[in-house]
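Topology and contacts: notes
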Amino acid sequence: MSDLDRRAAPPGRLPGSLANNPRLDRWLAFDAAGHVTVTPGKVELGQGILTALAQIVADELDVALTRVRVTAASTPGSPNEGVTSGSLSVQDSGMALRHAAAAARAIHLQVAAQRSGVPMDALRVDDGAFLAPDGRTIASYWSQADAALLACDAPEDARAKPPAARRVAGTSAARVDLPDKVFGVPRFVHDLRLPGMLHARVVRPPARRARLIALRDGALPGDAVVARDGSFLAVVAADEHDAERAAERLAARCDWTAEDTLPPEHALVDWLRAAPGEHAVILERDDPAAAPARTLRATFHRPYVTHASVGTCCAVGRWDGAVLEVWTHSQGVYNLRADLAKAFAMGEDAILVHHVEGAGCYGHNGADDVALDAALAARAVPGRPVRLLWSRAEELGWGPMSSAMVVDVEASLDAQGNIASWQEEVISHGHSSRPGRGALPTLLAVEYMDPARTIPNALNSPLASGGGAQRNAVPAYRIPKLRIGVKRLDAMPLRVSALRGLGAPANVFAIESVMDELAQMAGEDALDFRLRHLEDPRGREVLSLAAEMCGWRGRTKREGFGIGLAYACYKHTGAYCAVAAEIEALDRVMCRRLWIAADVGEVINPDGVANQYEGGAIHGVSMALKEAVAFGPRAVTSDDWESYPILRFSEVPAVETRLIPRPDEKPLGAGEASLAPAIAAIANAIHDALGIRPRSMPFTPENLAAS
């Protein structure tokens, strides 16, 4: 079952990922030394998920948090939880582990009761020890650390603690991964050093569509050797410096054929409109409504953007006979294994994939691609581990990007200032070409191997699973006549896939800008207008809180400054977020302050959730003010920090975040909820300051002048 299928499947009786991986010993184990080892299939991306999962397990088992050890995901040792994406890790993995830990606790207490004769209901657990009513320790998880006890499927009737009994979940426990990162302890895949390890670099073609037709002979530095498969070309050397110099020499000896395949960057909106695609109406409503009295039409545009992780992609590969072993910072070890198997036409059982942390990335960057690159390079030196590191130019120019988008909106007010109708058309590529989801591999190198294979067009997941281009395309407000359409382009000259928020940044930017304009047309305050059309009480609460935090009601006009509001419920079923932004208009727009009101249901780690919201909002500031992929007819040209600027630390605004506590509600993911509202709030703040309605991202002086 693919990850998309897994999400689209109806919920079973077991929670989260446990429904597809019910064996308890795939999730956790006890040892005699007094530790609980947890083996989730979700991975650490810098979002703090390992800490949150450890808190959930410690709570359910009644053990100290320091006893819980969370291992990195791997295909030999973890359940298949698909991809770590979509802000679903606490929902899918956390709730699975909560149920699995509750089941394990019950099994162990039942065994202790049978062996001791003390009724199970009379036992209590104190840091893993099972105590009788008289205080005697009769057993513990550690004394019963027999793997056979958990060699069973999780019972459906296991009951987790009620919210009021939780003592670890809900606290700001210190991140388990941060000490290594703060003190420079090797932890990333880039740091991995295996005995006999070699280093590799790839020689990239001069165009997206190119073929290597000749490779002239010549000396290479050190002991460097060439690894070639069709038009895929790499070098492998014992010394990393020699590998880099060898790649430079080899590049000068290559003869390529190349074609112009990319759209015109200067006319991207026109190209998106004209490009063939598949159109679908995702929602249509035709309730009784008053006649439209005034109509607003507006078009919004976002260019291609990319991940721009500070650390570049890296992987280690090793062939041992017919077995391939890979160390990767992929977000889905099983999905990567599936596409490696397709690329090499071999069985998945002969491939072992281990997750090792890499640079943070919310989406599908080149982490999977570099794993295939490393495996191809390692094939030239059987038995030796090969570490392959991408350059900055590869990171910015060859990794998957997020689609450029156009959003057309036509909205009407009736004579009383109520929204009467709303039509919206979204034009975009699909937003997912992650590996492991189709019959053909989606890894970059397969287009250059022999035989060359075309990477399938990017997909949009169903709206019920969060959607892709259509993510957050449906306004959250009360609108009697509504029609939302999406055109997915048939081809992707630039390879696109998932990036934080998928289609939500463009869609929320469009919707919340139009809401501000409709309020202005109605002669009403933008907050009051939203609250009057927003029925969801949790949405109303975050919106009111953000307004309170920024002093919306009592704000005074300052020359050159503006404040804007925006709101979204991520994916319509996820976390709630409202953002107020203050900008200062100088020779360019600077975001000075952000106020974030958040509702994620049950909060496992308040500090972690606040960090997620703040990080997402700052990412939104960068996307709103700075980011756009530049390209020519054949290749991406924004391949360094000068040509692809991102927000600098000196430009980060002051951020205040408040969480609305809801311990009795199910937890909702926090990683992507604030990015899109932050962009929209900045757009509305720009109008407040300058009277200009931004229509195109990024909000540079040039794009604002054209609005």
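In the nomenclature of an unreviewed UniProt entry, the protein chain is known as Oxidoreductase of Roseomonas fluvialis.

With that settled, the discussion passes to the packing of helix α2 (residues 49-61) against helix α3 (residues 89-116). Two packed helices can be described by the angle between their axes and the distance between those axes. Look at α2 against α3: their axes get within 8 Å of each other, and the N-to-C directions meet at 25°. Viewed along their axes, α2 and α3 adopt a mutual orientation that is roughly parallel. Along this stretch, α2 crosses α3, giving a crossing that reads as right-handed. Across from Ile49, Leu53, Ile56, Val57, Glu60 and Leu61 in α2, the residues of α3 making contact are Ser89, Val90, Ser93, Gly94, Met95, Leu97, Arg98, Ala101, Ala102, Ala104 and Arg105.

Let us look at the nonpolar core. By size, the foremost hydrophobic cluster in this structure holds 160 residues, and its most contacted members are Leu340, Leu372, Trp422, Tyr613, Ile682 and Phe699. With 11 residues, helix α14 (residues 675-690) is the single largest residue contributor to this core. Not counting the four nearest positions on each side in its chain, Tyr613 is found in contact with Ala575, Tyr576, Cys577, Ile596, Ala598, Asp599, Val600, Thr657, Ala670, Ala673 and Ser674. Grouped together as the second largest cluster of nonpolar side chains are 47 residues, Trp27, Ile49, Leu50 and Ala104 included.

So, about unusual backbone geometry. Residue Pro451 follows Asp450 across a cis peptide bond; omega there is 0°. Within the secondary structure, Pro451 sits in the loop between β19 (419-428) and β20 (481-489). In this structure, the amide linkage connecting Met697 to the following residue, Pro698, adopts the cis form with an omega of -10°. In this structure, Pro698 sits in the loop between α14 and α15 (701-705).

The first and last C-alpha atoms of helix α5 (residues 240-252) sit 19 Å apart over 13 residues, in line with the 18 Å expected at 1.5 Å per residue. Buried within α5 are the following residues: Asp242, Ala243, Ala246, Ala247 and Leu250. Taken end-on, α5 shows its buried residues confined to a sector of 135°, consistent with a single buried face. If you check the start of α5, you find a side-chain oxygen 2.8 Å away from the backbone N of His241, and it comes from Asp239.

This part is about the side chain of Lys487. Checked against the element boundaries, Lys487 lands in strand β20. Among the polar contacts made by the side chain of Lys487, one reaches the main-chain carbonyl oxygen of Ala275 at a distance of 2.7 Å. The residues contacting Lys487, other than those within four sequence positions of it, are Leu272, Arg273, Ala274, Ala275, Gly277, Glu278, His279, Val426, Ile427 and Ser428.

Moving on, we get to the sheet that holds strand β24 (residues 654-659). If you trace the four strands from one edge of the open sheet to the other, you get β21-β22-β23-β24, paired in mixed fashion. In this open sheet, the two edge strands, each paired with only one partner strand, are β21 (561-569) and β24. The sheet shows a mean angle of 15° between the axes of neighbouring strands, direction not considered. Along the sheet, helix α12 (residues 537-550) contacts β21, β22 (576-585), β23 (589-599) and β24; its crossing angle with β23, the most-contacted strand, is approximately 140°.

Applying the stated criterion across every chain, the model contains 55 salt bridges. Of the charged contacts in the structure, one is a salt bridge between Glu240 and Arg201, with a shortest N-O distance of 2.6 Å. Here the residue Glu240 occupies a position in helix α5, and Arg201 occupies one in strand β7 (residues 198-202), the gap between them amounting to 39 residues. Assessed through its relative accessible area of 7%, Arg201 is described here as buried. As a salt-bridge pair, Glu651 and Arg588 come within 3.2 Å of each other at their nearest N and O atoms. Of this pair, Glu651 sits in the loop between α13 (606-625) and β24 while Arg588 sits in the loop between β22 and β23, and the two are 63 residues apart along the sequence.

Taking 1.5 Å per residue as the helical rise, α3 with its 28 residues ought to reach 40 Å, and the 39 Å between its terminal C-alpha atoms agrees with that figure. Among the 28 residues that make up α3, 21 are buried, leaving the element largely enclosed by the rest of the structure. Following α3 by one or two positions, Gly117 has its phi on the positive side, about 80°.

Direction vectors running N to C along helix α7 (residues 333-344) and helix α8 (residues 367-378) enclose 45°, while the axes themselves pass 11 Å from each other. Considering their axes alone, α7 and α8 lie oblique with respect to each other. The chirality of how α7 crosses α8 is right-handed. Only Asp368, Ala371, Leu372, Ala375 and Leu376 of α8 make contact with α7, whose side of the interface consists of Leu336, Leu340, Ala343 and Phe344.

A few words now on the sheet that holds strand β4 (residues 124-126). Spatially, β4-β5-β6 is the arrangement adopted by the three strands of the open sheet, whose pairing is antiparallel. Whereas interior strands pair on both sides, the edge strands pair on one side only; in this sheet they are β4 and β6 (137-140). Between one strand axis and the next, the sheet turns by 35° as a mean value, whatever way the strands run. Here three bridges tie β4 to strand β5 (residues 129-131), and the two strands are oriented antiparallel to one another. Residue pairing for β5: Val125 is matched across the bridge by Phe130.

Reading the values: rules and limits
- Residues numbered from 1 in each chain as written.
- Predicted model: local features only at pLDDT ≥ 70, side-chain atom pairs only at ≥ 80, totals over all residues.
- Heavy atoms only, no water.
- Axes fitted to C-alpha atoms, helices over the stretch in contact; angles between N-to-C directions.
- Helix = DSSP H or I, 4+ residues; strand = E, 2+ residues; numbered from the N terminus.
- Parallel < 35°, antiparallel > 145°, perpendicular 65-115°, else oblique.
- Left-handed = near helix turned anticlockwise from the far one by under 90°.
- Contact = heavy atoms within 4.5 Å.
- Core = buried A, V, L, I, M, F, W, Y, C linked by side-chain atoms within 4.5 Å.
- Buried < 20%, exposed > 50% of the residue type's maximum accessible area, 1.4 Å probe, protein only.
- Expected span 1.5 Å × (residues − 1).
- Arc of directions from axis to C-beta.
- Polar contact = N/O pair within 3.5 Å; in protein donor to acceptor, adjacent residues only side chain to side chain.
- Pairing = 2+ DSSP bridges.
- Salt bridge = Lys/Arg side-chain N within 4 Å of Asp/Glu carboxyl O.

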